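Letter by letter, the chains look like this.
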Amino acid sequence: SLKSKFKRFEAAFSGRRVGTITPGEIEKFLRTTGRSKSAYFRVLRAFYNFAALHGWVEVTPMLKVPRPSQEPDERVIFSPDQMKRLLGAARELNDLPMLRLLVLGGFFGLRYKEIMSLQAEDVGEDEIFVRRMKTRKKGLRERYVTALPNAKAWLPLLQLPASGQVLGVNDKNLRLHREKVLEHANAGCSEKIDWPYNVLRRSFGSYHLAAFENPGL
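Residue numbers restart at each chain and count upward from 1, following the sequence in its written direction. In keeping with the predicted nature of the model, local features appear solely for residues at pLDDT of at least 70, side-chain atom pairs appear and are counted solely at 80 or more, and the whole-chain, interface and lining totals rest on all residues. In computing side-chain properties, one takes all heavy atoms of the structure into account and sets aside hydrogens as well as water.

## Quick word on the overall build of the protein
Filter applied, for reference: To qualify as a helix, a DSSP run of H or I must reach at least 4 residues; to qualify as a strand, a run of E must reach at least 2; elements of each kind are numbered from the N terminus. Only the protein chains shown count as cover for residues, with accessible areas throughout obtained via the Shrake-Rupley method and a probe of 1.4 Å.
Along the protein, the regular secondary structure elements total 9 helices and 2 strands. Of the regular secondary structure in the protein, the N- to C-terminal order runs α-α-α-α-α-α-β-β-α-α-α. Accessible area of the protein: about 13100 Å², with a carbon and sulfur share of 53%.

## Some remarks on the pattern of salt bridges
To keep it simple, the criterion reads: Salt-bridge detection follows one rule: a side-chain nitrogen of Lys or Arg within 4 Å of a carboxyl oxygen of Asp or Glu. Relative accessible area decides the class of each residue, using a 1.4 Å probe on protein chains only: under 20% of the type maximum gives buried, over 50% gives exposed, and in between gives partly exposed.
Inspection of every chain in the model, using the stated rule, returns 8 salt bridges. The partner of glutamate 25 in a salt bridge is arginine 16, with the nearest N and O atoms 2.9 Å apart. Ionic pairing is found between arginine 111 and glutamate 114, a salt bridge with its closest N-O pair at 3.1 Å. We classify glutamate 114 as buried; its relative accessible area is 3%.

## A few points about the nonpolar core
Rules: The set of buried Ala, Val, Leu, Ile, Met, Phe, Trp, Tyr and Cys residues whose side-chain atoms join them within 4.5 Å is what this entry labels a nonpolar core. By definition, residues are in contact when any of their heavy atoms lie within 4.5 Å.
Counting residues in each nonpolar core, the largest one holds 39 residues, and the members touching the most others are Leu86, Leu102, Phe108 and Trp195. Broken down by secondary-structure element, the contributors of at least two residues to this core are α4 (80-92), α5 (96-106), α6 (112-117), β1 (127-135), α7 (149-154), α8 (171-186) and α9 (199-212). In terms of residue count, the dominant contributor to this core is α5 (7 residues). The contact partners of phenylalanine 108, leaving out residues within four places of it in the chain, are Val103, Ile128, Val145, Ala147, Ala151, Leu155 and Phe204. Of all hydrophobic cores here, the second largest spans 15 residues; its members include Phe13, Phe29, Leu44 and Met62.

## Focus on the packing of aromatic side chains
Each aromatic ring pair is summarised here by two numbers: the centre-to-centre distance and the angle between the ring planes. Quick reminder of the rule: Aromatic rings from Phe, Tyr and Trp, with only the six-membered ring used for Trp, were paired whenever their centres fell within 6.5 Å, and each pair was classed as stacked if the ring planes differed by under 30 degrees, edge-to-face if by over 60, and tilted otherwise. As a reminder, the over-ring test applies to NZ of lysine and CZ of arginine, requiring each to be within 6 Å of the ring centre and within 35 degrees of the ring normal.
Tallied over the full model, the rule gives 10 aromatic pairs. Here phenylalanine 47 and tyrosine 48 contribute two aromatic rings whose centre-to-centre distance is 5.2 Å and whose plane-to-plane angle is 75 degrees, an arrangement assigned as edge-to-face. Seen in terms of ring centroids, phenylalanine 107 and tryptophan 154 are 6.1 Å apart; in terms of plane orientation they differ by 40 degrees. Their pairing is tilted. In this pair, phenylalanine 107 is assigned in the loop between α5 and α6 and tryptophan 154 in helix α7, connecting sequence segments 47 residues apart. Taking the relative accessible area as the measure of exposure, tryptophan 154 reaches 18% and is therefore buried. In textbook terms, an aromatic cluster arises when at least three aromatic residues are bridged by ring pairs, as seen for Phe9, Phe13, Phe29 and Tyr40. Between the NZ or CZ atom of lysine 5 and the centre of the ring of tyrosine 40, over which it lies, the distance is 5.4 Å.

This is the structure we're talking about:
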């Protein structure tokens, strides 16, 4: 919906004036919206045209933002080196919400919404109970996710709370954590890491398929 798109854009640039957001930052934001990037482009173009008309910005930055391709999205995943850099950055910054997100998404294969709603009592030593969530195709689902050896080794480092939400932050604040970890991971590196839509789930699925030949994951 239009409202949800504006909320996501607001969360990404919390506290910023619309006139200070650069075309490069908008282009980077669009890369995080997955298959919806064309829709986001149209919404932001209309918004900035309206802002220019009312004098909120001198010139709309959307003039310098390339229109997203209509071709299907490339299924981008994190390389092992990129994942290592992100995990290292989260640990160096002592950013537990991001460390938990990286491990639960990248090593357990949980979806973003599943991680956001995960409760401490759902995480065991050998498996995670994923509560029911509504999806467009599959209705209500719940399942147990067994911890592979590498995932199990990371669990003690997550310092999970005794109760309540595992991440301990809402969606808006988590995006701020993510930007800080990305900035730290990219510092001094020529190969910059982006965060495409659903990249952790895709990364887990790709490596799991390669290791176990299990397309029904």
